[in-house]
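# Chains, contacts and geometry: an overview
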Amino acid sequence: MLFKPAPLEDWLRDYYFEASIDISSSGVEPYSFAQLRSLLGMEPEELDRVSFRDSPSAGSLELRSLIASRWGSGAPSEVIVANGSTEAQLLVFASILGPGDEVIVVEPAYHSLVATVDALGCRVRRWRLRPEEQFQPDLEELRRLVTARTKMIVVNFPHNPTGVTLTHAEQRELVEIAQRYGSYLLWDGAFEDLIYDASPLPAVSILYDRGISFGTLSKSYGLPGLRLGWAIGPPEFLKHCVTTRDYTTLALSPLVEFIARQVVTSADRLLLPRLQMTARNREVVDEWMDAHQRVLSYARPAAGVVVFPRLRSIPDTTAFCHRLMREHGVLLVPGECFHHPGHVRLGFGGDSVDLARGLDAFSELLLESEGSS
């Protein structure tokens, strides 16, 4: 496979580590190990008992059982754990797809959902979420795109970078669209637990025998550096993923698996404090956006911790974000990273004080840019 450059990762590669304030990220505020140990009641003696022998290829039975019970049907045979959900996606795509296969991918999308499919030589068709429709998913348009040639549909709800999501009824309709021709339905649910005004959507792997769900501890649980993700799907298919993994990472670190087991066992202890904080931050962003209606437009996020506003008078948002970083040390992602110039991805999952300071700098530069235009 020959991969194209990932514009988002290129943007974050240096800036993420240099920024004084981050209002770009798509996850909640990361936990420290000390906080994790305190929240989970983890004792040093437990860490001392971890043996650095190889882990099973699909992940330990205990960890897979815990993930299956919380996010799946309860069957560990349907779960493979991975070094982040991006690896899980790579294993799945490489195990199902080949040159010439037709794949429909939601657009805009996180790069791994598109680039891997493209690198495999697939024929990619885009299901576009349109800014003029507030990025709301048009299921009728998807229905027109899907044909007997469609091998796979790839979606990400709650959505990155816009924060839109589906209702339970709309999710069922999307499943029915995939079922019509027996297409695989891959559902990136990285933000599935960051819901504000409704209950989380069920895993598509429960709803459809060709549904495959992806999850992660990075976005909702404040553990991006743990690099723990998973796929949930048909057991016979996951065997192919293990074969593919024999040529990549082989397995997970037993230390990562140990921590992940503690986290999944008591997941709400990590989730609920962060969800309360992001709900408050969402109100702050909402008020800030309302105060700047003259210079930008946006759709209030129903889930996740990102918004994707359009800056009315700033078509080159890459230059704007470079300047925001250079002059204020504030990290923001330009819409060009998602092939949507004129937009920016703003994340509100982090520290509330930093969010307020970052928005102040954002306001200052917006006003300066407007005055000079």
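Notes on the structure in this doc start here. All values reported here derive from a predicted model rather than from experimental measurement.

Proteins that are soluble and globular tend to have nonpolar side chains buried together. The biggest cluster of nonpolar side chains holds 121 residues, and the ones touching the most others in it are Trp127, Phe157, Leu174, Leu185, Leu217 and Phe362. If one sorts the elements of this core by residue count, helix α12 (residues 267-291) sits on top with seven residues. In this view, leucine 185 contacts Ile153, Val155, Leu174, Val175, Ala178, Val204, Tyr208, Arg210, Gly211 and Ile212; residues no more than four positions away in its chain are not counted.

Scanning all chains against the criterion turns up 10 aromatic pairs. Taking the centre distance of 5.1 Å and the plane angle of 85° together, the rings of tryptophan 11 and tyrosine 15 count as edge-to-face. With tryptophan 11 and tyrosine 15 both in helix α1 (residues 7-18) and four residues apart, this pair spans about one turn of that helix. The exposure classification of tryptophan 11 matches that of tyrosine 15, with both residues buried. Every member of this aromatic cluster is reached through a ring pair, and the members are Trp71, Tyr221 and Trp230. Geometry around tyrosine 184 places arginine 210 over its ring, the cationic atom sitting 4.5 Å from the centre.

Examined against the element boundaries, alanine 6 turns out to sit in the segment before α1. Given a relative accessible area of 16%, alanine 6 falls into the buried group. Placed 174 residues apart in sequence, alanine 6 and arginine 180 show a C-alpha to C-alpha distance of 33 Å.

What follows concerns the environment of alanine 178. Here alanine 178 is to be found in helix α8 (residues 168-181). For the pair alanine 178 and serine 369, spaced 191 residues apart in sequence, the C-alpha separation works out to 46 Å. Excluding anything up to four places from it in sequence, alanine 178 contacts Ile153, Ser183, Leu185 and Tyr208.

With that out of the way, let us pick up the pattern of salt bridges. Where charged atoms from two side chains of opposite charge come close, those side chains can pair. Counted according to the given criterion, the structure contains 19 salt bridges. Here glutamate 87 ties to arginine 245 by a salt bridge, and the two come within 3.2 Å at their closest N and O atoms. Of this pair, glutamate 87 sits in helix α5 (residues 85-96) while arginine 245 sits in helix α10 (residues 235-245), placing them 158 residues apart in sequence. Like glutamate 87, the residue arginine 245 is buried in the burial classification. Between arginine 300 and glutamate 283 there is a salt bridge; the shortest N-O distance is 2.5 Å. Of this pair, arginine 300 sits in the loop between β9 (296-297) and β10 (306-307) while glutamate 283 sits in helix α12, and the two are 17 residues apart along the sequence. Residue arginine 300 is classed as partly exposed on the basis of its relative accessible area of 37%. When salt bridges with common partners are traced through the structure, they connect Glu102, Arg123, Arg125 and Arg149 into a single cluster.

A word on the sheet that holds strand β3 (residues 102-107). Here seven strands make up an open sheet; going across it, the order is β2-β8-β7-β6-β5-β3-β4 and the pairing mixed. With one partner strand each, in any of the chains shown, β2 (79-82) and β4 (123-128) form the two edges of the open sheet. Strand-to-strand twist of the sheet, defined as the mean angle between neighbouring strand axes without regard to direction, takes the value 20°. Both β3 and strand β5 (residues 150-156) contribute to a ladder of four bridges, which runs parallel. Across the sheet, isoleucine 104 pairs through a bridge with isoleucine 153, a residue of β5. In this fold α10 packs onto β2 and β7 (211-216), with an angle of close to 25° to the strand it touches most, β2.

Moving on, we come to the pairing of β5. β5 sits mainly inside the fold: six of its seven residues count as buried. As paired strands, β5 and strand β6 (residues 184-188) are joined by five bridges and run parallel to one another. From the neighbouring strand, isoleucine 153 faces β6, where its bridge partner is leucine 185. For the crossover from β5 across α8 to β6, the handedness is right-handed.

For the rest of this paragraph, the subject is α1. Over its 12 residues, α1 extends 18 Å from the first C-alpha to the last, a length consistent with the 16 Å expected when each residue adds 1.5 Å. Listing the buried residues of α1 in full gives Leu8, Trp11, Leu12 and Tyr15. One face of α1 carries all of its buried residues, which in axial projection span an arc of 95°. As for α1, its buried residues are in contact with α13 (317-328), β12 (330-331), β13 (333-334) and β14 (344-347).

Between α5 and helix α6 (residues 112-119), the shortest axis-to-axis distance is 10 Å and the interhelical angle comes to 30°. Taken together, the axes of α5 and α6 are roughly parallel relative to one another. Crossing geometry of α5 relative to α6 is assigned as right-handed. Contact residues: Thr86, Gln89, Leu90 and Phe93 in α5; Ser112, Leu113, Thr116 and Val117 in α6. Taken together, the residues of the contact of α5 with α6 sort by class into four nonpolar, four polar and no charged.

What counts and what doesn't
- Along each chain, residues carry numbers from 1 onward, in the same order as the chain's sequence is written.
- Local features in a predicted model are, by the rule used here, given only for residues with pLDDT of at least 70; side-chain atom pairs are given and counted only at 80 or more, and totals for whole chains, interfaces and linings are based on all residues.
- Excluding hydrogens and water, the side-chain values take into account all heavy atoms of the structure.
- Buried residues of nine kinds, namely Ala, Val, Leu, Ile, Met, Phe, Trp, Tyr and Cys, make up a nonpolar core once their side-chain atoms join them within 4.5 Å.
- Burial status follows relative accessibility: with a 1.4 Å probe on protein chains alone, a residue under 20% of its type maximum counts as buried, one over 50% as exposed, and anything between as partly exposed.
- Under the DSSP-based scheme used, a helix requires at least four consecutive residues in state H or I and a strand at least two consecutive residues in state E, with every element numbered from the N terminus.
- Contacts: residue pairs with any heavy atoms within 4.5 Å of one another.
- Centres within 6.5 Å are what make two rings of Phe, Tyr or Trp a pair, Trp counting through its six-membered ring; a difference in plane orientation under 30 degrees is then read as stacked, over 60 as edge-to-face, and the rest as tilted.
- Think of it as a cone above the ring: NZ of Lys or CZ of Arg counts as a charge over the ring if it is within 6 Å of the ring centre and within 35 degrees of the ring normal.
- The salt bridge criterion pairs a side-chain nitrogen of Lys or Arg with a carboxyl oxygen of Asp or Glu, the two atoms within 4 Å.
- Two strands qualify as a pair provided that DSSP identifies no fewer than 2 bridges between them.
- To obtain each axis, a line is fitted to C-alpha atoms, and for helices this fit is confined to the stretch in contact; angles are then taken between N-to-C directions over 0 to 180 degrees.
- Consider the strands pointing away from the viewer: the crossover is right-handed when the path from the first strand over the helix to the second runs clockwise.
- Residue count minus one, scaled by 1.5 Å, sets the expected span of a helix.
- Think of it as the arc spanned by the lines of direction from the helix axis to the C-beta atoms.
- Angle categories are assigned with fixed cut-offs, so that under 35 degrees is roughly parallel, over 145 is roughly antiparallel, 65 to 115 is roughly perpendicular, and the rest are oblique.
- In this scheme the handedness of a crossing depends on how the near helix is turned from the far one: anticlockwise by less than a right angle means left-handed, clockwise means right-handed.
- Residues are sorted three ways: Asp, Glu, Lys and Arg are charged, Ala, Val, Leu, Ile, Met, Phe, Trp, Tyr, Cys and Pro are nonpolar, and all the rest, Gly among them, are polar.

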